[in-house]
Amino acid sequence: FFIGKIIRFLSFFVILLLLKNNTKSIAGYTIDEALIFYLTFNYIDVVAQMFLRGVYMLSGKVRSGEFDFFLIRPISPLFRSLAGSPDFNDVLLFIPLTIFSAWYIAVALPHLTLQHVMLYLLLLANGLLISLAFHIFVLCVGIVSTEIDNTIMLYRDLSKMGQFPMEIYREPLRGIITFVIPVGIMMSVPAKVLLGFSSGPLIVISIGIGILVFLLSLFTWDQALKRYTSASS
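Residues numbered from 1 in each chain as written. Predicted model: local features only at pLDDT ≥ 70, side-chain atom pairs only at ≥ 80, totals over all residues. Heavy atoms only, no water.

**A word on the overall build of the chain**
Logical step 1: Secondary structure summary: the chain contains 11 helices and 2 strands in total.
Logical step 2: Counting from the amino terminus, helix and strand elements in the chain follow one another as α-β-β-α-α-α-α-α-α-α-α-α-α.
Logical step 3: Taking 2.2 N^0.38 as the reference for a compact globule, 233 residues should give roughly 17 Å; the C-alpha atoms of the chain span a radius of gyration of 19 Å, in line with that estimate.
Logical step 4: Dimensions along the principal axes, computed over C-alpha positions, put the chain at roughly 65 × 40 × 30 Å.
Logical step 5: Considering the chain as a whole, with its 233 residues, one finds that 45% of them fall into the buried category.
Logical step 6: In the chain, 16 positive and 13 negative side-chain charges are present, and the distance between their average locations comes to 1 Å. (Helix = DSSP H or I, 4+ residues; strand = E, 2+ residues; numbered from the N terminus. Rg over C-alpha atoms; globule rule 2.2 N^0.38 Å. Buried < 20%, exposed > 50% of the residue type's maximum accessible area, 1.4 Å probe, protein only. Lys, Arg positive; Asp, Glu negative; His and termini not counted. Charge placed at Lys NZ, Arg CZ, Asp CG, Glu CD.)

Have a look at this one:
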């Protein structure tokens, strides 16, 4: 499983490097800049997979009635549902990915300023917050319908659109996946900030949307719990 993840990461990375010999840019970004978008996507994706793997198991626990025990124990049922089954295979990928990403960014952007790095880390945390919100929404679907597989796969497919700069998509799709389904804010805005292509208003709007989506996910979680019918009663 770990080897498969490494092969998947490297294969797409190599494809982008091969494109470098045949094209100068992707949607106005150089190949080196496009690779930073790809590294940012992978970082957020790996962190989410590493800590939020419990989402994939919830539907079975709801159908079996095991979720009842989540509700009566002192540990937050939301935390238990999200992080109850961490994936240690992704830890093995997280460490080299972090080292490689830091090295590549330092090499590709030698004139990077501390301000851009700090803003990048802030927007990266905002992207992880949005990813967390998406996983909470998936949990809500699992509680109400007892089915999660299709919903989590839909999230995975939508998030993969963030492997590339949002500029490769035409309007209105670009606007939808940037602000309505905030994949662009989650994946692309941090990379844009690092490259110096984002303005102050976009950064503020991105953080505001991240907080709003997270609060909405918590509200939806509370409503889903109210609709939960125990399998054992």
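From this point, the narrative continues.
**Some remarks on unusual backbone geometry**
Logical step 1: Cis rather than trans, the peptide bond between Glu171 and Pro172 has omega equal to 5°.
Logical step 2: Of note in the backbone geometry, Thr146 takes a positive phi value of approximately 65° without being a glycine.
Logical step 3: Structurally, the position occupied by Thr146 is in the loop between helix 7 (114–145) and helix 8 (149–159).
Logical step 4: On the accessibility criterion, Thr146 (25% relative accessible area) is partly exposed.

**Things to note about the pattern of salt bridges**
Logical step 1: Scanning the model with the defined rule gives 3 salt bridges in all.
Logical step 2: Across the pair Arg156 and Asp45 runs a salt bridge, and its minimum N-O distance is 3.7 Å. Of the two residues, Arg156 is situated in helix 8 and Asp45 in helix 2 (residues 31–51); the sequence distance between them amounts to 111 residues. In this pair, the class of Arg156 matches that of Asp45, namely buried.
Logical step 3: One salt bridge in this structure joins Glu147 and Arg63, with 3.8 Å as the shortest N-O distance. Highlighted residues: Glu147 in the loop between helix 7 and helix 8 and Arg63 in helix 3 (residues 58–64), separated in sequence by 84 residues.
Logical step 4: You can call Glu147 partly exposed: its relative accessible area is 46%. (Salt bridge = Lys/Arg side-chain N within 4 Å of Asp/Glu carboxyl O.)

**Description of the environment of Asp68**
Logical step 1: In this structure, Asp68 sits in helix 4 (residues 67–72).
Logical step 2: Residue classification places Asp68 among the buried residues on the basis of a relative accessible area of 13%.
Logical step 3: Spatially, the C-alpha atom of Asp68 lies 9.4 Å from that of Thr229, the residues being 161 residues apart in sequence.

**Brief notes about the packing of helix 2 against helix 10 (residues 183–195)**
Logical step 1: The interhelical angle for the contact between helix 2 and helix 10, taken along N-to-C directions, is 135°, at an axis separation of 9 Å. Judged by the angle between their axes, helix 2 and helix 10 are oblique. As helix 2 packs across helix 10, the resulting crossing turns out to be right-handed. Contacts between helix 2 and helix 10 involve Glu33, Ile36, Phe37, Thr40, Phe41 and Ile44 on the former and, on the latter, Met186, Met187, Ser188, Pro190, Ala191, Lys192, Leu194 and Leu195.
Logical step 2: Within the contact of helix 2 with helix 10, the residues separate by chemical class into 10 nonpolar, 2 polar and 2 charged. (Axes fitted to C-alpha atoms, helices over the stretch in contact; angles between N-to-C directions. Parallel < 35°, antiparallel > 145°, perpendicular 65-115°, else oblique. Left-handed = near helix turned anticlockwise from the far one by under 90°. Contact = heavy atoms within 4.5 Å. Nonpolar A, V, L, I, M, F, W, Y, C, P; charged D, E, K, R; others polar.)

**Quick word on a nonpolar patch on the surface**
Logical step 1: Together, Ile176, Phe179, Val180 and Ile205 make up a nonpolar patch on the protein surface, roughly 360 Å² of accessible area in all.
Logical step 2: The greatest single-element share of the nonpolar patch, amounting to 3 residues, is contributed by helix 9 (residues 173–180).
Logical step 3: Considering the arrangement of structural elements, one finds Val180 in helix 9. (Patch = residues over 30% accessible without salt bridge, like charges linked within 9 Å, V, L, I, M, F, W, Y side chains within 5 Å. Areas by Shrake-Rupley, 256 points an atom, 1.4 Å probe, with all protein chains shown as cover.)

**Describing the nonpolar core**
Logical step 1: Residues Phe67 and Trp221 are the most contacted members of the largest nonpolar core, which totals 61 residues.
Logical step 2: The element that contributes the greatest number of residues to this core is helix 2, accounting for 13 residues.
Logical step 3: Residue contacts for Phe67: discarding those within four places in its chain leaves Leu58, Lys61, Val62, Ser81, Ile143, Trp221, Leu225 and Tyr228. (Core = buried A, V, L, I, M, F, W, Y, C linked by side-chain atoms within 4.5 Å.)

Geometric descriptors of this kind do not, in isolation, establish any biological role.
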